[in-house]
Amino acid sequence: MKPCYRDTMDPNIVLGLAKRRGFFFPSFEIYGGMAGMYDYGPLGSAMKNNIESLWRKNYVLHEGLSEIFSPIISPEEVFRASGHLAEFSDFSVQCQKCKQAFRADHLLEEVVDNPDSMSQKELGEAMVSNDIKCPSCKGELSEPVAVNLMFKTTVGPLGGRDGYMRPETAQAMFFNFHLLHRFYREKLPFGIVQLGKGFRNEISPRQGITRLREFNMMEAEVFFDPENKVWPGFAEVADLKLRLLPDGLEEQELSLKDAVSKGIIANEPLAYFMHVTKKILLAAGLDDKRLRFRQHLKTEMAHYAEDCWDCEALTGYGWLELVGVADRGCYDLQSHIDHSDAELTAFIRFPEPIEMEATVIVPNLSALGPLFKGKAGAIATRLGEMPCDGLDATMPIVLDMDGEEVTVPANCFTISQEIKKVSGKRIVPHVIEPSYGLDRIFYTVMDHNYKEDGEYVTLGLPIAIAPIKFGVFPLMTKDGLDDIASEVDKKLRQKGLLTYYDGSGTIGRRYARMDEAGTPFCITVDYESKEDDCVTIRDRDTKDQKRVKMDDLDKVAISLADSSLTFEAIG
RNA sequence: GCAGGUGUGAUCUAGUCUGGUAGGAUCCAAGCUUCCCAAGCUUGAUGCUCGGGUUCAAAUCCCGGCACCUGCACCA
């Protein structure tokens, strides 16, 4: 069994361990399984919760972003605005001879204008009339077939509104912007997070839990005044380094400050959240040497994005994208503004109100009304909006009202000079989006922490991530040792620590079981415990043991669990 | 979706070519052993991916589905 890539884990070994120990395994297996669907087992669910807690600790507690929780099924309009409907509805053709698949609109790009806006039927006709053949073997191509990567459903049992399972959690943070901005007392910057499931009907899911059809995300949207893109914590971390692989340049280690000042990373907040990403991934136990930030190539970056970096990890599947940190500009909010009537903007107050002298047309409604009847309102609005440069107050104004020429006599308006006080301006905020693929991070945690010494397997999980914090054993299940151990186990659970009581098999076997599950510490009650009221604590990574008074055990265990105490420092 | 490969207890695997009682190892469980690093002994549980066909007889041969792996395509 060879590793897939040099110095990286064979995924089959990780998959085997995951299944054997209840981290994760294919779903619906007794019914033949379903590609792209996995279950998290008992240890996996606990570890997934721990990764989420670590993430929340950073984003919600430390950075002060707030969490929302919104529906998975969303109406079609949301995805028309987000662009997913168009993006996910490609038409694909296949070569009859060499079986290769191509996007129909791509093949027509050279010969037709705007092929991506054509219907399935139009594309098919255009393919025939332009005599399009397979680009690689010149074979005959099939009819275009719709490829929709979103799961569609109908809301209402008797048919109703079309809906889709969201392909990302982000949209709710955009279309609720007006409420969330108000929640933040109308200040910028502020940020929102959402954790939850997203769905993509992948054509061919592969590689375990790294490309699922139903997957878990942890996303943040941080909103900024585009003219003032700063984040308060930046200065503190400006000198810390990141491993960067910029588009078109060599891989290099740069401080946040230098990367921004050299224009490699577009702005400070983007660099800041890249740093936050690195911090979280290291705390989750990923190997710094196998992490890098790769900048999206100009060609792969969405056209509206200002800059985008993927945090990638080297795993048994090669380099795997775990996190995307993107500056999406104002694209998402603007798009929802365009598709709805909502005012998803922020009002930026000037330090001092600005007084501006302006020439304005003031409609005279008492003259307009009788003359134009029902159209008077629309005409008055148009007059108020039109530029007044060079207008003569004594001449009639000619308007084009939906193709109809309307002459407004001079008595229907006046032109006057006004002083306008402007106290601020309305802007569409820019957004920086750190988006984390939880399942991929989960996989990489196992990949990077798998250690083998001969046959002996240890999962070196950090205690914050480890599903079980302490194994609790009686050396023998008799002479009352088991009662004492049960008592210890119960006490630790009451303190909120997940333990695993095990009295079966030899002591070595029990340590081995816990090592493979990634449990950092084991507590053993032995015969001496009955004399000295002490138990041993054994460290997974060094196999060293220390004796601790049972009365102090709570405190020691809690401190070990929150990493405020190290094993070496136990007195 | 296409092409190729693979599918035997929870895991790794022998058996498939050449049809005839499914075997081993690990793990798991119960027990013995004053048992601190997968020791030993006894006992036990769990399996041929699913469906159809050929045959007296199918893990084995044929057809189809499903899943996994690799490549292609796809990857907001």
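Whatever comes next refers back to the structure up there.
Below you will find a few notes about this structure.

1. Points about the protein's contact with RNA strand B
Part 1 of the argument: The environment of RNA strand B is made up of 43 residues, and the closest members are G32, R200, M476, R513 and Q545.
Part 2 of the argument: Here a base nitrogen of RNA strand B and a side-chain polar atom of R538 are 2.9 Å apart.
Part 3 of the argument: K543 is positioned with one of its backbone polar atoms (N or O) 2.9 Å from a base nitrogen of RNA strand B.
Part 4 of the argument: The set of elements that each furnish at least two residues to the surface near RNA strand B consists of α1 (11-20), β6 (101-103), β23 (456-459), α17 (507-517) and β27 (534-539).
Part 5 of the argument: When residues of the surface near RNA strand B are assigned to their parent elements, the largest contribution, seven residues, is made by α17.
Part 6 of the argument: Split by residue class, the surface near RNA strand B holds 13 nonpolar, 15 polar and 15 charged.

2. Points about helix α19 (residues 553-561)
Part 1 of the argument: Within α19, seven of the nine residues are buried, which leaves the element mostly enclosed by the surrounding structure.
Part 2 of the argument: Elements in contact with the buried residues of α19: β24 (470-474), α16 (481-494), β26 (521-525), β27 and β28 (545-549).
Part 3 of the argument: Backbone geometry just downstream of α19 places S563 in the positive-phi region, at approximately 65°.

3. Section: the packing of aromatic side chains
Part 1 of the argument: Within the structure shown, the criterion is met by 23 aromatic pairs.
Part 2 of the argument: On the basis of an interplanar angle of 80° and a centroid distance of 6.2 Å, the ring pair of F174 and F223 is categorised as edge-to-face. With F174 in helix α7 (residues 171-175) and F223 in strand β11 (residues 214-224), this pair connects stretches of sequence that are 49 residues apart.
Part 3 of the argument: With a relative accessible area of 0%, F174 lands in the buried category.
Part 4 of the argument: Here F521 and F567 contribute two aromatic rings whose centre-to-centre distance is 6.0 Å and whose plane-to-plane angle is 20°, an arrangement assigned as stacked.

4. A look at the sheet that holds β24
Part 1 of the argument: Read across the sheet, five strands follow the order β25-β24-β26-β27-β28 without closing on themselves; strand pairing throughout is mixed. Strands with a single pairing partner mark the edges of an open sheet, and in this sheet they are β25 (499-501) and β28. Strand-to-strand, the axes of this sheet are offset by a mean angle of 25°, without reference to chain direction.
Part 2 of the argument: Both β24 and β26 contribute to a ladder of five bridges, which runs parallel. By the bridge assignment, V472 is partnered in β26 with I523.
Part 3 of the argument: α17 contacts β24, β25, β26, β27 and β28 of the sheet and is inclined by roughly 170° relative to β24.
Part 4 of the argument: Sheet strands in contact with α19 are β24, β26, β27 and β28, and its direction is about 15° off that of β27.

Conventions we followed
Counting restarts for each chain: residues are numbered from 1 in the order of the written sequence. Just so you know, chain letters begin at A and ligand numbers begin at 1, following the order they were written in. Owing to the predicted nature of the model, reporting of local features is limited to residues with pLDDT of at least 70; listing and counting of side-chain atom pairs is limited to 80 or more, with chain, interface and lining totals taken over all residues. Each side-chain value is worked out from all heavy atoms of the structure, with water and hydrogens disregarded. Working definition: residue near molecule or strand if any one of its non-hydrogen atoms lies within 4 Å of it. For this analysis, a polar contact is any N or O atom pair within 3.5 Å, provided that within protein one partner can donate a hydrogen and the other can accept it, and provided that sequence-adjacent residues contribute only side-chain to side-chain pairs. Numbering of helices and strands runs from the N terminus; a helix is a DSSP stretch of H or I covering at least four residues, while a strand is a stretch of E covering at least two. Gly is put with the polar residues, along with every residue not named as nonpolar or charged; the nonpolar set is Ala, Val, Leu, Ile, Met, Phe, Trp, Tyr, Cys and Pro, and the charged set is Asp, Glu, Lys and Arg. Only protein chains enter the calculation, and the probe is 1.4 Å; a residue is then buried if its accessible area is under 20% of its type maximum, exposed if over 50%, and partly exposed in between. We call two residues in contact when some of their heavy atoms are within 4.5 Å. Note on ring pairs: Phe, Tyr and Trp rings are taken, using the six-membered ring of Trp, and paired if centres are within 6.5 Å. Classes follow the plane angle, with under 30 degrees stacked, over 60 edge-to-face and the rest tilted. For two strands to be treated as a pair, DSSP must find no fewer than two bridges joining them. Only the stretch in contact is used when fitting a helix axis, every axis being a line fitted to C-alpha atoms; angles between N-to-C directions are given from 0 to 180 degrees.

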